[in-house]
Amino acid sequence: MAHTFEDLVNLERLAEEAHAAYTANPDAETRAAWRDAADTFQAAVVEHAAAEGKSRYEVEMAAKRAVRHPEAEAA
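The present account deals with the structure reproduced in this document.

Below, the discussion takes up helix α2 (residues 28–52). Compared with an ideal rise of 1.5 Å per residue, which puts 25 residues at 36 Å, α2 spans 36 Å between its outermost C-alpha atoms and is within 8% of the ideal. Every buried residue of α2 is accounted for by T30, A37, F41, A44, V45, H48 and A49. In this structure, the buried side of α2 is in contact with α1 (5–24) and α3 (56–68). For α2, the side-chain oxygen to backbone nitrogen distance between the N-cap and E29 is 3.2 Å, and the N-cap itself is D27. G53 sits one or two positions beyond α2 and adopts a positive phi of about 70°.

Applying the stated criterion across every chain, the model contains 1 aromatic pair. Considering the side-chain rings of Y22 and W34, the 5.3 Å spacing of their centres and the 25° angle between planes classify their relative orientation as stacked. Within this pair, whereas Y22 is found in helix α1, its partner W34 is found in helix α2, the two being separated by 12 residues in sequence. On the accessibility criterion, W34 (29% relative accessible area) is partly exposed.

Next up on the list: the nonpolar core. Membership of the largest hydrophobic core is limited to 8 residues, which are L8, L11, F41, A44, V45, A49, V59 and A63. Residue assignment for this core shows that the elements contributing at least two residues are α1, α2 and α3. Counting residues per element, this core draws most heavily on α2, which supplies 4 residues.

Now for the pattern of salt bridges. Counted under the stated rule, the structure contains 4 salt bridges. A salt bridge links R68 to E12; its shortest N-O distance comes to 3.3 Å. Remark: E12 occurs in helix α1 and R68 occurs in helix α3; sequence separation between them is 56 residues. The class for R68 is partly exposed, based on a relative accessible area of 43%. A salt bridge links E60 to R56, with the nearest nitrogen and oxygen atoms 2.3 Å apart. In this pair, E60 and R56 both sit in helix α3, 4 residues apart, roughly one turn of the helix. According to the relative accessible area criterion, E60 is buried, its value standing at 8%.

Rules and cut-offs
- Residues numbered from 1 in each chain as written.
- Predicted model: local features only at pLDDT ≥ 70, side-chain atom pairs only at ≥ 80, totals over all residues.
- Heavy atoms only, no water.
- Helix = DSSP H or I, 4+ residues; strand = E, 2+ residues; numbered from the N terminus.
- Expected span 1.5 Å × (residues − 1).
- Buried < 20%, exposed > 50% of the residue type's maximum accessible area, 1.4 Å probe, protein only.
- Contact = heavy atoms within 4.5 Å.
- Polar contact = N/O pair within 3.5 Å; in protein donor to acceptor, adjacent residues only side chain to side chain.
- Phe/Tyr/Trp six-rings, centres within 6.5 Å; stacked < 30°, edge-to-face > 60°.
- Core = buried A, V, L, I, M, F, W, Y, C linked by side-chain atoms within 4.5 Å.
- Salt bridge = Lys/Arg side-chain N within 4 Å of Asp/Glu carboxyl O.

See below:
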C-alpha cells in the first residue's frame, strides 16, 4: 500500500510520541514501542520515495520538518 505524505507525517508524529514516552520512562517496553514506530516510519518513507521517484532522504526530512517545525510549512 502506497503511503501519502500525510501518512508519513502521522507516522513520524507517532514515532516522536513514542520517543518522548521512552525518554520519560526508559524501559524495555517503551524502547521497543519507540523502535517499532521508527521502523514503521522508515519503511513508509522508503516506499513513498520509491513510488514518487524521490530521494528517500528528502522525503524523510520533509516529513520530519513538518512534524518538528510546522510553522515553517505554513510560511
